[in-house]
Amino acid sequence: MSTVTFTFDGKKYEGREGDTLAAALLRNGVVHFTNSAYRDRPRGVIGLGHEEANAMAYVDSGAGEPMLASTVIPVVEGLVARSQQGVGDLPDTRDVSRYDKKWRHVDVVVVGAGLAGLKAAAEHAKAGKDVVIADEQDRPGGYLVHLGQEVPADLLAVLDLPNVTYLPRTIVNGLYDQGYTVANERRTDHESSKVSTDKARIRTWHFRAQETVLATGAYQRHLVFCNNDLPGIMLSHAAATYVARDEVKTFKTAVIVTVDNQGYRDAVRLHNA
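Just so we're clear, the structure is a prediction, and the values are computed from it rather than from any experiment. (Residues numbered from 1 in each chain as written. Predicted model: local features only at pLDDT ≥ 70, side-chain atom pairs only at ≥ 80, totals over all residues. Heavy atoms only, no water.)

(A) Just helix H2 (residues 115-126), in detail. Its 12 residues place the ends of H2 16 Å apart at the C-alpha level, agreeing with the 16 Å of an ideal helix rising 1.5 Å per residue. By the burial criterion, the buried members of H2 are Gly117, Leu118, Ala120, Ala121, Ala122, His124 and Ala125. On its buried side, H2 packs onto strand S8 (99-111), strand S9 (131-134), helix H4 (153-156), strand S10 (164-167) and strand S13 (202-214). Backbone geometry just after H2 places Gly128 at a positive phi near 90 degrees. (Helix = DSSP H or I, 4+ residues; strand = E, 2+ residues; numbered from the N terminus. Expected span 1.5 Å × (residues − 1). Buried < 20%, exposed > 50% of the residue type's maximum accessible area, 1.4 Å probe, protein only. Contact = heavy atoms within 4.5 Å.)

(B) Structural context of the sheet that holds S13. In space, the 6 strands of this open sheet follow the order S10-S9-S8-S13-S12-S11, with mixed pairing throughout. Two strands lie at the open edges of the sheet, namely S10 and strand S11 (170-176), each paired on one side alone. In this sheet, neighbouring strand axes are inclined to one another by 30 degrees on average, regardless of whether the strands run parallel or antiparallel. Where S11 lies against strand S12 (residues 180-186), 6 bridges are found, and the strand directions are antiparallel. (Pairing = 2+ DSSP bridges. Axes fitted to C-alpha atoms, helices over the stretch in contact; angles between N-to-C directions.)

(C) Quick look at the side chain of Glu65. Its place among the elements puts Glu65 in strand S6 (residues 65-69). When neighbours within four sequence positions are excluded, Glu65 is seen to be in contact with Ala57, Tyr58, Val59, Arg186 and Arg201.

(D) Highlighting the pairing of strand S5 (residues 56-59). Side chains Met56 and Tyr58 project from S5 onto one buried face, and the interleaved Ala57 and Val59 project onto a second face that is buried too. Where S5 hands over to S6, the hairpin turn is made up of 5 residues, of which Gly62 adopts a positive phi near 60 degrees. Relative to strand S7 (residues 80-83), S5 runs antiparallel, the two being bridged by 3 bridges. Directly across from Tyr58, in S7, lies its bridge partner Arg82.

(E) Expanded view of unusual backbone geometry. We note that Arg169 has phi near 55 degrees; this positive angle belongs to a residue other than glycine. Unusually for a residue other than glycine, Glu247 sits at a positive phi of about 60 degrees. Assignment of secondary structure puts Glu247 in the loop between helix H5 (236-244) and helix H6 (261-272). When its relative accessible area of 39% is taken as the criterion, Glu247 is described as partly exposed.

(F) Examining the sheet that holds strand S1 (residues 3-8) more closely. If you walk across this open sheet you meet the 5 strands as S2-S1-S7-S5-S6, and the pairing is mixed. Here the strands that pair on one side only, and so sit at the sheet edges, are strand S2 (11-16) and S6. Each strand axis lies, on average, 35 degrees off the axis of its neighbour in the sheet, ignoring direction. Pairing of S1 with S2, which is carried by 6 bridges, proceeds in the antiparallel orientation. Across the sheet, Phe8 pairs through a bridge with Lys11, a residue of S2.

(G) Highlighting the packing of H5 against H6. The interhelical angle for the contact between H5 and H6, taken along N-to-C directions, is 20 degrees, at an axis separation of 9 Å. With respect to H6, the element H5 is oriented roughly parallel. Where H5 crosses over H6, the handedness of that crossing is left-handed. From H5, Ser236, His237, Ala239, Ala240, Thr241, Val243 and Ala244 reach across to H6, where they touch Gln262, Gly263, Asp266, Arg269 and Leu270. Tallied by class, the residues present in the contact of H5 with H6 amount to 5 nonpolar, 5 polar and 2 charged. (Parallel < 35°, antiparallel > 145°, perpendicular 65-115°, else oblique. Left-handed = near helix turned anticlockwise from the far one by under 90°. Nonpolar A, V, L, I, M, F, W, Y, C, P; charged D, E, K, R; others polar.)

So, in structure tokens, the structure goes:
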């Protein structure tokens, strides 16, 4: 796995190609990411993806972008980012990146490329329908990716069918009347820290579909208790994934509070790591 160098809050770090900023910083021992906007309380990572509410950052390299969750910022060579301090600021430089939009009529839009989404897409595609799969992650497999497990080859094969379009790093923003779906696809931030003029950085898709399949899975929710936002307090699935899959050695002990079987599975993963 390739090593990349990036800068966070003026200090250089090394990360792995494919890391998120959160995973790379945790592996480098950074637990305190920023302070809360109004009470100036220390904040750390709580999640794995777009559910993150604490560890917010600004990207200063390339096109630049304010107030992104560090859990969805891809680490690439030359990335320059900084923690969000206070209520933040807007960029004061011109964005010369390309942005575009597309309209498309399809038979089926599948939201989510986990096991359920891939199975649904395969079923519709084999029936001869035109299928679009939109997923927020950078690779298919959903939960199995977090567990570091292989996705069944027969399910991955659906992505190669001529009547299937797979859109990774794509957030479906809304579902509207008459099968109308709007989605944003991030197309270049994971490739380089520099501005790309060859293709659009972000594409907004407008789909009209006969059928929409929601296979989005679920996020864990934070428990409510005093000081539940301090660094080192995380969703158990996120903590176990950082430690087991991403080889974060920052944390040595864990206390898990759970209301279902997932907490026990995460405890086993932490123990085995």
